[in-house]
Amino acid sequence: MTHQRGKVLVLGEDTRSFLSVIRSLGQSGYTVDVICYDRLSPSLKSKYIRHAHNFNYQAYTSEQWLKQLIKLSQEENYQAIVPCDERAIFPIYENKQRFPADTVLAIPNNEVITFLFSKQTTKELAKKELVNHASGRLLMLQDLTYDELCTEFGHQFVIKPTLSFKADTLSKRQKVEIIESEVNYIAWKQRSDLNEEYLVENYFSGIGEGVSVLAIEGKVLAFFAHKRVREPRTGGGSSYRKSIKLDRGMAEACIKLCRATNYTGVGMFEFKKNQETSEWILVEVNARFWGSLPLAVYAGVDFPTLYIDALVKKHEVSESDTALVAIEPDHQRYKQSVYARSLTNDIFDIKKELEANLNHLSKFRSYFKTLSRLFSYGRLLLGKERIDSYFPADKEPFKNELKQFYCNILEPKLPWYKRPTQAQQMAALIECLRSVHKAEIKMVCYGNIMRSPFAQRYLQKLVSKTSLEWRVESYGFHLNENRNSPAECIAVAQNFGLDLASHRSKWLRQEHIQQNDILFIFDELNKDKLDRFYQAKNIYNLANFIPEQLGSYLNIDDPYGKGEQGVHKCYLLISEALNNIIAQFQLAEKSRESTDKN
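Residues numbered from 1 in each chain as written. Predicted model: local features only at pLDDT ≥ 70, side-chain atom pairs only at ≥ 80, totals over all residues. Heavy atoms only, no water.

**Q** Can you help me understand the overall build of the protein chain in this one?
**A** The number of helices and strands found in the protein chain is 18 helices and 20 strands. The principal-axis extents of the C-alpha atoms in the protein chain amount to approximately 90 × 60 × 50 Å. For the protein chain, buried positions account for 53% of its 598 residues. For the protein chain, restricting intrachain contacts to residue pairs at least 6 apart in sequence, the fraction spanning at least 24 positions comes to 69%. In the protein chain, the 80 positive side-chain charges and the 73 negative ones have mean positions that sit 4 Å from each other. (Helix = DSSP H or I, 4+ residues; strand = E, 2+ residues; numbered from the N terminus. Buried < 20%, exposed > 50% of the residue type's maximum accessible area, 1.4 Å probe, protein only. Contact = heavy atoms within 4.5 Å. Lys, Arg positive; Asp, Glu negative; His and termini not counted. Charge placed at Lys NZ, Arg CZ, Asp CG, Glu CD.)

What follows is the structure in C-alpha cells.
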C-alpha cells in the first residue's frame, strides 16, 4: 500500500519529464496537481493528476501567469512546487519570496542558476575545473558570412543560443543548430534574432551521452548514464535513448561541477563521445528535469521521488534511505541496455531522416535504412524498451498520444477521410451567428499585420451596409505588439477601398475572448494555437467559406514575403469568403422570416 504524503504542484507539458514526474510522485503517494502549458497534452490524461490548470505564456502575460501561480500556491498550501523547465524555474526563482514560506520550491540553488543555465558560463566553469569542452566563443553573427566562420571553426560548426529560454519570451524555446553548409547558415539567420550574441563552437564528431545526477549541497547521491541511439541531423534532443555503463571520467566531471556550484537538485550533464577514440567533451548542463528522464525511471533510478523526498524532509539524503548508484561500474544498480523513445518525436525524426537520405542516397538504401530503424520497435516485444508516454498502470496518456497522431496526422491523408462540406460548415456558422444577439467577431492570424487586419476592416465595411450589429476586431499570436502592416499590404488594401496604414498589431490574450465570441482563423496552425493555449468555443477557418468556384482551399496562407502579388491573392480569397458568409447569412435570415410569416 502506497504511503500517503502531501500535495505537490508540477509544472510542464511534455510526455517525457513532465509526465514522468507526475507518475513518479503520484505512485509514491503524493497528491499531484499540475499547471500544464498545453491544453492538448496527453500528459493531462494521467490518472495521478488531481487537478489541472492551464496557465501559459501564449494566452497570459508573464505577470498574469505568475499571479495565478502564487494565488494557487497560497490557496492549496502545497508541500512542494516542482517546475520541469526554465519557463517556470526562472519566474519562481526571481519571485521566490512571494511564495508561502512552508512550500518547498524545487528549483536550483543560486550558484547553479548563475553558472550552469548559460552555455557560456558553463563553458567558463568547465575550463576552470579542467573539464573537457568544445572550443568556441561568443559572436555577433549579423555581419559574419559562412566563409568567415568556416575559417575559424571548419565547414561544420555548431551555433548555440546562450539560454534555452529568454526571460522576455518564455513561450519559445531557443534551439541549438548544427551548420553544415552556406544554405543551412543563411536559413538559420533568416529565422533567428541577430541582435544577440551566440556561442559558436567547433563541431565534435561523436555520439551524445548523458550523465544524470541528484545532488544535495554539492554532493552527488545518484547517477544514471544513457546514450543517444539516434542523433538528430540538425541538433537538438534525441527521440531514442539507451541506458549504458557509467563512464568514470564523465562522472568525475559531474562531481567537480556539482562541488563547484554547491549543486542542490537534479540535472543531466550532456556529453559527446567519440566512439573510436573514447574522447569526450561536455556539451551543456540541463540543471533541471530532462527529456530522457523516463528512461532513467524505467531503468531503476527514480529521480523525481528521491529529489522531492529530500527537499520535503529538509535534511540531507543519506545512503541508507535511498537507492543510490555508486560511481564504480561494478556497483551500479540500474538496468543497462534498456531503451526508451518518444513515440511521436521518433516517427517525425524517421520521416526527416528518410527525406534527407533520399536526397543523398539511392531509393533502395534510403528505404532499407528506414526499415531497419522501424524494426528496432521489436524491442518493445522483448521487454527491453518502453515508449515514454506508456506505463502499464497509467495507459491513458499513451492512448491519447496515439489518438492525436491518428486524428491529426494520419486520418486526413487516408482515402476515405471526408471533411465536412462547405454547406455543412456554413449551416453551423449561420446557426452560431444567430445564437448571439450582437455577434463579437475576432479575426486571428499569426502576426496581426497582414491577414487578420484586412479581414477585420473588410467585414466591418460589409456589416456597415447592413442592419447587422456585429462588432469586429483582430488579433495575432505574435507577442510583440504595435507593429505596422507591411507596405505591400497597405498598397493592396487600398485597391479594396481599405486603409491599413493606421493599423497596429495586438497580441491575443485569454482576457480578449468571451464565451460566445466567434473566432475566424486562416490556417490549421492558427487553429492549433487556439486549441492548445486558449479557451475558445466558436472557431471557424475562413478558408472553408471561399466560394467553391474559386477552388478548394484548406488554408488561406500567410503572404509574408510574397510581395504584392501574393498579398493580392490572399486578400481576394479573404474578401470572397466574407462576401459569401454575408450573402448566405442574409439569405438564411430572409428564408426564416418568410417561414415565420407563413
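**Q** Quick question: what am I supposed to make of the packing of helix 11 (residues 343–360) against helix 13 (residues 396–410) here?
**A** The description of two helices packed together rests on the angle between their axes and the distance between the axes. Contact pair helix 11 / helix 13: the axes reach a minimum separation of 10 Å and the direction vectors enclose 40°. On helix 13, the residues touching Leu343, Thr344, Ile347 and Phe348 of helix 11 are Phe398, Glu401, Leu402, Phe405 and Ile409. When grouped by side-chain class, the residues that make up the contact of helix 11 with helix 13 number 7 nonpolar, 1 polar and 1 charged. (Axes fitted to C-alpha atoms, helices over the stretch in contact; angles between N-to-C directions. Nonpolar A, V, L, I, M, F, W, Y, C, P; charged D, E, K, R; others polar.)

**Q** Looking at this structure, I do not really get the pairing of strand 20 (residues 538–541). What am I missing?
**A** A two-sided burial pattern is seen for strand 20, the buried positions comprising Asn538 and Tyr540 on one face and Ile539 and Asn541 on the other. Relative to strand 20, strand 19 (residues 518–521) is paired through 4 bridges, and the arrangement is parallel. Counterpart to Phe520 in the pairing with strand 20 is Tyr540. In the classification by handedness, the crossover that spans strand 19, the intervening helix 17 (residues 524–533) and the parallel strand 20 is right-handed. (Pairing = 2+ DSSP bridges. Right-handed = clockwise from strand over helix to strand, strands pointing away.)

**Q** Please clarify how the nonpolar core should be interpreted in this entry.
**A** Side chains of nonpolar character tend, in soluble globular proteins, to be buried together. Of all hydrophobic cores here, the largest spans 73 residues; its most connected members are Val10, Phe269 and Phe303. No other element matches the 7 residues that helix 8 (residues 248–260) contributes to this core. The residues contacting Val10, other than those within four sequence positions of it, are Phe18, Val21, Ile22, Leu25, Val32, Asp33, Val34, Ile35, Val82 and Cys84. Residues Leu433, Leu459, Cys489 and Ile546 belong to the second largest nonpolar core, which totals 46 residues. (Core = buried A, V, L, I, M, F, W, Y, C linked by side-chain atoms within 4.5 Å.)

**Q** I'm lost on the sheet that holds strand 19 in this one. Help?
**A** Paired through backbone hydrogen bonds, the strands of a sheet run either parallel or antiparallel to each other. In space, the 4 strands of this open sheet follow the order 18-17-19-20, with parallel pairing throughout. On the outer flanks of this sheet lie strand 18 (471–476) and strand 20, each paired with one strand and no other. Neighbouring strand axes in the sheet, compared pairwise and without regard to direction, differ in orientation by 25° on average. In this sheet, strand 19 lies alongside strand 17 (residues 440–445) in parallel orientation, the contact comprising 3 bridges.

**Q** Please explain the pattern of salt bridges as it appears in this structure.
**A** Summed over the entire model, instances satisfying the criterion amount to 41 salt bridges. A salt bridge links Lys351 to Glu355; the shortest N-O distance between them is 2.7 Å. A residue pair is termed a helical-turn pair when its members lie 3 or 4 positions apart in one helix, as Lys351 and Glu355 do in helix 11 at 4 residues. We note a salt bridge from Glu469 to Lys438, for which the minimum N-O separation is 3.8 Å. Placement of Glu469 in the loop between helix 15 (451–464) and strand 18 and of Lys438 in the loop between helix 14 (422–435) and strand 17 is noted, with a sequence separation of 31 residues between them. With a relative accessible area of 44%, Glu469 lands in the partly exposed category. Of the residues examined, Lys438 reaches a relative accessible area of 49% and is grouped as partly exposed. (Salt bridge = Lys/Arg side-chain N within 4 Å of Asp/Glu carboxyl O.)

**Q** Which parts of the structure should I look at to understand the packing of aromatic side chains?
**A** Two measures describe an aromatic ring pair: the distance that separates the ring centres and the angle between the ring planes. Scanning all chains against the criterion turns up 29 aromatic pairs. Seen from their ring centres, Phe90 and Phe117 are 5.6 Å apart, and the 55° between their planes marks the pair as tilted. In this pair, Phe90 is assigned in helix 3 (residues 86–94) and Phe117 in the loop between helix 4 (110–116) and helix 5 (119–128), connecting sequence segments 27 residues apart. Residue Phe117 is classed as buried on the basis of its relative accessible area, which comes to 9%. With centroids separated by 5.2 Å and ring planes inclined at 75°, the aromatic side chains of Trp290 and Phe303 adopt a geometry described as edge-to-face. In this pair, Trp290 is assigned in the loop between strand 14 (280–286) and helix 9 (293–299) and Phe303 in helix 10 (residues 303–313), connecting sequence segments 13 residues apart. Of the two residues examined, Trp290 and Phe303, each falls in the buried class. Through a chain of ring-to-ring contacts, the aromatic side chains of Tyr146, Phe153, Phe157, Tyr185, Trp188 and Tyr198 assemble into a single cluster. (Phe/Tyr/Trp six-rings, centres within 6.5 Å; stacked < 30°, edge-to-face > 60°.)

**Q** How should I be thinking about helix 12 (residues 363–375) in this particular structure?
**A** The periodicity of an α-helix, 3.6 residues per turn, causes residues three or four positions apart to be oriented the same way. Here helix 12 spans 18 Å end to end across 13 residues, near enough to the 18 Å set by a 1.5 Å rise per residue. Among the residues of helix 12, those classed as buried are Ser366, Thr370 and Arg373. End-on view of helix 12: buried residues confined to an arc of 60°, all on one side of the axis. Summarising the geometry of helix 12, the exposed residues directed more than 90 degrees from the buried face are Phe364, Phe368 and Phe375. Check the buried side of helix 12 and you find it contacts helix 11. (Expected span 1.5 Å × (residues − 1). Arc of directions from axis to C-beta.)

**Q** What am I meant to see in the side chain of His512 here?
**A** Looking at the element boundaries, His512 is found in the loop between helix 16 (487–495) and strand 19. Here His512 falls in the buried class, since its relative accessible area comes to 18%. Apart from the residues lying within four places of it in its own chain, the contact partners of His512 are Lys442, Tyr475, Trp507 and Asp517.

**Q** Is there a simple way to explain the side chain of Asp247 in this structure?
**A** If you trace the backbone, Asp247 turns up in the loop between strand 12 (240–243) and helix 8. The buried category is assigned to Asp247, whose relative accessible area is 17%. A distance of 3.0 Å separates a polar side-chain atom of Asp247 from the backbone nitrogen of Met250. Excluding its chain neighbours within four sequence positions, the residues that come into contact with Asp247 are Lys273 and Trp280. (Polar contact = N/O pair within 3.5 Å; in protein donor to acceptor, adjacent residues only side chain to side chain.)

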